[in-house]
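Structural overview for review
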Amino acid sequence: MSTGPGLGWPDRADEPPEDQPSGPGRPGGEGVAGEAGPGNAPGEPAPEAGGPPSGHAMWGNTTSGTADNVGYVPTNGGAQQPPPGPRKGPSQGESELVREALKDAKVSRETAVTSMKVMSGRREKEWPRPKHCRIVTIANQKGGVGKTTSSVNLAASLAMHGAQVLVVDLDPQGNASTALGVEHHAEIPSIYDVLIEDMPLSDIVVPATDIPNLFCAPATLNLAGAEIELVSKVARESRLRRALESYDTEAFDYVLIDCPPSLGLLTVNALVGGDELLIPIQCEYYALEGLGQLVRTVDLVKAHLNPKLAVTTILLTMYDARTRLAAQVAEDVRNHFGDVVLNTVIPRSVRVSEAPSYGQSVMTYDPGSSGALAYSEAASEVAHRGAGAAQ
Ligand SMILES: Nc1ncnc2c1ncn2[C@@H]1O[C@H](COP(=O)(O)OP(=O)(O)OP(=O)(O)O)[C@@H](O)[C@H]1O
Ligand SMILES: [Mg+2]
């Protein structure tokens, strides 16, 4: 499949380097690309989302994921929650103030948590919590597009605003477990035991370090064998769903499932187990390749295994405001998918990529960084959009 039909992709030779190393003199140390600029400021109004062009070669002819037929699907069978009221995002001035106030701060965990609460107070009194648990699968078979980073940081953000959140790490790499500071060596009871050995989820769920209300079902390398071992299991596509159904998910507001970079049985389990699909799309050249295949897989799962599944959210990640390419990818995605694309884009930010090596989300590692602010904005959108659509 070709990428970007008719887009007139710019010549990469004229682009600046991708990312900047952390500079020693810059507390917060982000490269230029990580700073919220005119093209990527969190909370920036979205470009007008046009309707999806019909028969767009890139996407195939499925209609899944378009603004018309993809909406928030409440997991509560239609039960309603009081309207959260119109969303009043921070003005650009407020974001600037927060960024300015925090940029030179060496923040402790406590300060970080408090600062995010203060920031949330500036934006919204409180983020709405869903009446029933929202199970959100975060998938894209393309590798390295920000699935794990988005799972972890959205989860952290939601938890910091009072929600009870569980991250299910469904990737043998165990990156989400690492980023949440959760042990995941071979002896740890993990999601492998749940899927293959019928262990209850309650036996493996552990609290994440640093953030109250945030929990993790860790993945170990054992999970790499699960793709094969699942093949001979009864109800091999529904094993995660069954585990979630037997677990008290109502104790949580959100369950976020971080998928591996494939469309194998693990991802299918996540699609069957979730009610909503969040697709992170990297604002890069090859980002759109394979999306048609993902959408077709979603259609198949919907038709045969999980009619409730809907593509509710698309998140543009690693946006580099210095490149025309990033803007072009973002525009194309918005044109095709319409309203399900979050207004907030996640900028490329060195602090975001550094955080996991400290076993942290960027929300605690550097809450004033552009990446943390953007993930907070994106999480706020997720919380408000879900609640709004449930009216
Ligand atoms: N906004 C960002 N700015 C800079 N680096 C980022 C950003 N988001 C993610 N990264 C980095 O890009 C790499 C890939 O991100 P991530 O692991 O989240 O992708 P993934 O889709 O989960 O990958 P995989 O398919 O291997 O599971 C990681 O090194 C991560 O730290
Ligand atoms: Mg990952």
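Residues numbered from 1 in each chain as written. Chains lettered and ligands numbered in written order. Predicted model: local features only at pLDDT ≥ 70, side-chain atom pairs only at ≥ 80, totals over all residues.

Here we come to the environment of Gly359. Structurally, the position occupied by Gly359 is in the loop between α11 (350–354) and α12 (362–365). Among the residues examined, Gly359 registers 18 C-beta atoms within 10 Å and is labelled partly exposed. The spatial distance from the C-alpha of Gly359 to the C-alpha of Ala179 is 4.5 Å, given a sequence separation of 180 residues. The residues contacting Gly359, other than those within four sequence positions of it, are Thr178, Ala179, Gly181 and Thr209. (Helix = DSSP H or I, 4+ residues; strand = E, 2+ residues; numbered from the N terminus. Buried ≥ 20, exposed ≤ 12 C-beta atoms within 10 Å, placed from the backbone. Contact = placed C-beta atoms within 7 Å.)

Right, let's talk about the confidence of the model for the protein chain for a bit. Per-residue pLDDT for the protein chain averages 75, and the proportion of residues at 70 or more is 67%. This model gives residues 1–124 a pLDDT under 50, and the stretch forms 221 contacts once residues within four places in sequence are excluded. (pLDDT = per-residue confidence, 0-100.)

Spatial strand order, β3-β4-β2-β5-β1-β6-β7-β8: eight strands in an open sheet with mixed pairing. The open sheet terminates on both sides in strands that have one partner only, identified here as β3 (206–207) and β8 (341–347). Sheet analysis places strand β2 (residues 165–169) next to strand β5 (residues 254–258), joined by five bridges and oriented parallel. Across the sheet, the residue bridging to Val167 is Leu256, located in β5. Packed on one face of the sheet, helix α3 (residues 147–160) meets β1 (134–138), β2, β4 (214–217), β5, β6 (276–282) and β7 (310–319) and runs near 165 degrees to β5. (Pairing = 2+ DSSP bridges. Axes fitted to C-alpha atoms, helices over the stretch in contact; angles between N-to-C directions.)

Below, the discussion takes up helix α9 (residues 291–304). Its 14 residues give α9 an end-to-end C-alpha distance of 20 Å, which sits within 8% of 20 Å, the value for a rise of 1.5 Å per residue. If you check which residues of α9 are buried, you get Leu291, Leu294, Val295, Val298 and Val301. Down the axis of α9, the buried set is contained in an arc of 120 degrees. They therefore lie on one face. What points out from α9, more than 90 degrees from its buried face, is the exposed set Ala303 and His304. For α9, the secondary structure elements touched by its buried residues are α8 (265–273), β6 and β7. (Expected span 1.5 Å × (residues − 1). Arc of directions from axis to C-beta.)

Within the structure, ligand 1 sits among 20 residues, and Lys147, Thr148, Thr149, Pro261 and Ser353 are positioned closest to it. Counting residues per element, the ones that place at least two in the shell around ligand 1 are α3, β7 and α11. Examining the composition of the shell around ligand 1, we find that three residues originate from one element, α3, more than from any other. Taken together, the residues of the shell around ligand 1 sort by class into six nonpolar, 11 polar and three charged. (Near = placed C-beta within 6 Å. Nonpolar A, V, L, I, M, F, W, Y, C, P; charged D, E, K, R; others polar.)

Turning to unusual backbone geometry, a few remarks are in order. A positive phi is found at Asp198, a non-glycine position, where the angle reads about 60 degrees. Of note, Asp198 is situated in the loop between α5 (191–197) and β3.

Contact geometry of helix α7 (residues 239–246) with α8 gives a least axis separation of 7 Å together with a crossing angle of 45 degrees. The angle between α7 and α8 places the two elements in the oblique class. Residues Arg239, Leu240, Arg241 and Leu244 of α7 lie in contact with α8, whose contacting residues are Asn269, Ala270, Val272 and Gly273. (Parallel < 35°, antiparallel > 145°, perpendicular 65-115°, else oblique.)

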